[in-house]
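What follows is the residue order along each chain.
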Amino acid sequence: SEFLVRKPQELSEPITSLSVTSFRSYLTCPYRFYLRHVLHLRPLDDGAEELGPATFGIVIHDVLDRFGEDPIKSSTDPDKIRRFLNHTLNQIVTEKYGSDHLPAVEVQLVQARARLSAFADWQAEWSHQGWEIIHTETSGGKKPAFLNLEGDKTVELRGRIDRIDHNAGRWAVFDYKTSDTAKTPQEVHFRSGEWIDLQLPLYTHLVRSLDIQESVELGYIVLPKEAAKTGELFANWDMEMLESADEKAI
């Protein structure tokens, strides 16, 4: 090929801070990690006429973020939750995209409402079981979280946990997932027995900065296209597995 690939320049200073999601980029391709997370390059696209998959997910995340900050988060009435979610969705879309939308966007909003409706049913039952949302969109406590590297070196971990729930001594750390097909944490984080993503395991370090010392359960709240599959999916990793994730990160 005559295409010239620009070689990475040697860093003047070592990387001292990383997001928990960036580890997946590095494990996939160190060069693309360099382009995205060191040079901060991004693709440009000014031709979008509808909500792309990422934007669709961001809108739903924003709705659920506001839900987690409102007193209605403790409701066990699915209809009340559903009305709040629909109202909030309308607010956010108007704020971001105005009151007039293309037909394609309107179709996507119908899809978003269907997923949020299924979430309302699940959330009401989840609250009925005694679970309470304690943190929403949290990046951790006042003190930063660090991953200990070889020797006495450390790297600061950055991230934003979608929500942390509590129920009678149990803690659940969740990431919202809005892709069409629901995938388990195991499917997302492993391939051929190897770690390919470290996001959920590294969340445990951010959780410790919130002074949560008990063990936590890691998982997803999935809002897929198939409404019947809406709900929680836990990772069920033991301490040995979590330690192996830290070793992979190091």
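Report follows, based on the coordinates. Every value quoted in this text rests on a predicted model; they were computed, and no experiment measured them. (Residues numbered from 1 in each chain as written. Predicted model: local features only at pLDDT ≥ 70, side-chain atom pairs only at ≥ 80, totals over all residues. Heavy atoms only, no water.)

1. What about unusual backbone geometry?
Right, so step 1: A positive phi is found at Ala-168, a non-glycine position, where the angle reads about 50°.
Right, so step 2: Along the polypeptide, Ala-168 turns up in the loop between β5 (161-167) and β6 (170-177).
Right, so step 3: Ala-168 gets classed as exposed once you look at its relative accessible area, which sits at 72%.
Right, so step 4: In this model, Asp-211 sits at a positive phi of 60°, which is unusual for a non-glycine residue.
Right, so step 5: By secondary structure assignment, the location of Asp-211 is in the loop between α7 (199-208) and β9 (216-222). (Helix = DSSP H or I, 4+ residues; strand = E, 2+ residues; numbered from the N terminus. Buried < 20%, exposed > 50% of the residue type's maximum accessible area, 1.4 Å probe, protein only.)

2. As for the sheet that holds strand β10 (residues 231-234)
Right, so step 1: The sheet built from 5 strands is open, its strands ordered β2-β5-β6-β9-β10 with mixed pairing. Because the sheet does not close on itself, it has two edges, and the strands there are β2 (132-138) and β10. Each strand axis lies, on average, 30° off the axis of its neighbour in the sheet, ignoring direction.
Right, so step 2: Across 7 bridges, β6 lies against β9 in parallel orientation. In the strand pairing of β9, Lys-177 is matched with Val-222.
Right, so step 3: α7 rests against β5, β6 and β9 of the sheet, and its axis sits at about 125° to β9. (Pairing = 2+ DSSP bridges. Axes fitted to C-alpha atoms, helices over the stretch in contact; angles between N-to-C directions. Contact = heavy atoms within 4.5 Å.)

3. Observations regarding the side chain of Thr-136
Right, so step 1: With respect to the secondary-structure elements, Thr-136 resides in strand β2.
Right, so step 2: The residues contacting Thr-136, other than those within four sequence positions of it, are Asp-65, Gly-68, Glu-69, Ile-161, Asp-162 and Arg-163.

4. Here's the deal with the pattern of salt bridges
Right, so step 1: This structure, assessed with the given rule, holds 11 salt bridges.
Right, so step 2: Here Asp-175 makes a salt bridge to Lys-177, at a shortest N to O gap of 3.7 Å.
Right, so step 3: Measuring nitrogen to oxygen at the nearest pair gives 3.6 Å for the salt bridge that ties Lys-229 to Glu-226.
Right, so step 4: Glu-226 sits in the partly exposed class, given a relative accessible area of 45%. (Salt bridge = Lys/Arg side-chain N within 4 Å of Asp/Glu carboxyl O.)

5. Structural notes on the sheet that holds strand β1 (residues 17-19)
Right, so step 1: In space, the 3 strands of this open sheet follow the order β1-β4-β3, with mixed pairing throughout. Pairing within the sheet leaves two strands with one partner each, and these edge strands are β1 and β3 (145-148). Mean inter-strand twist for the sheet, computed between neighbouring axes without regard to direction, equals 40°.
Right, so step 2: Where β3 and strand β4 (residues 154-158) come together, 4 bridges link them in antiparallel fashion. Its bridge partner lying in β4, Ala-145 is registered against Leu-157.
Right, so step 3: Seen against the sheet, α7 touches β3 and β4 and runs at an angle of roughly 125° to β3.

6. Focus: the packing of aromatic side chains
Right, so step 1: Tallied over the entire structure, the rule returns 12 aromatic pairs.
Right, so step 2: For the ring pair Phe-190 and Trp-195, a centre distance of 4.3 Å and an interplane angle of 40° mean the geometry is tilted. Across the pair, exposure class does not vary: Phe-190 and Trp-195 are buried alike.
Right, so step 3: Following the ring pairs from residue to residue traces out a cluster consisting of Phe-67, Phe-84, Phe-119, Trp-122, Trp-126, Trp-131, Phe-174, Tyr-176 and Phe-234. (Phe/Tyr/Trp six-rings, centres within 6.5 Å; stacked < 30°, edge-to-face > 60°.)

7. Quick word on the nonpolar core
Right, so step 1: Among the nonpolar cores identified, the biggest contains 32 residues, and Phe-23, Ile-164, Val-173, Leu-218 and Trp-237 are the most heavily contacted of them.
Right, so step 2: Elements represented by at least two residues in this core include exactly β3, β4, β5, β6, α7, β9 and α8 (239-249).
Right, so step 3: Looking at this core, the element that brings in the most residues is α7, giving 5 residues.
Right, so step 4: For Trp-237, the contacting residues outside a window of four places in its chain are Pro-185, Gln-186, His-189, Phe-190, Trp-195, Leu-200, Pro-201, Leu-218 and Leu-242.
Right, so step 5: Judged by nonpolar contacts, the second largest core, of 29 residues, contains Leu-85, Ile-92, Ile-221 and Leu-223. (Core = buried A, V, L, I, M, F, W, Y, C linked by side-chain atoms within 4.5 Å.)

8. Observations regarding the layout of surface pockets
Right, so step 1: Of the pockets and cavities examined, the largest pocket occupies roughly 850 Å³.
Right, so step 2: Lining the largest pocket are 31 residues, with His-61, Asp-175, Tyr-176, Lys-177 and Gln-199 positioned closest to its centre.
Right, so step 3: Considering each element in turn, the lining of the largest pocket owes the most residues, 6 residues, to helix α3 (residues 53-68).
Right, so step 4: In terms of residue class, the lining of the largest pocket is built from 11 nonpolar, 10 polar and 10 charged. (1 Å grid on protein atoms, 1.4 Å probe; cavity = no way out; pocket = protein on both sides within 12 Å on 5 of 7 lines; lining within 4 Å. Points joined across faces, edges and corners; volume = space filled by probe spheres on them. Nonpolar A, V, L, I, M, F, W, Y, C, P; charged D, E, K, R; others polar.)

9. Brief notes about α7
Right, so step 1: Burial analysis of α7 places 9 of its 10 residues in the buried class, which makes it a mostly covered element.
Right, so step 2: For α7, every residue scored as buried is listed here: Gln-199, Leu-200, Pro-201, Leu-202, Tyr-203, Thr-204, His-205, Leu-206 and Val-207.

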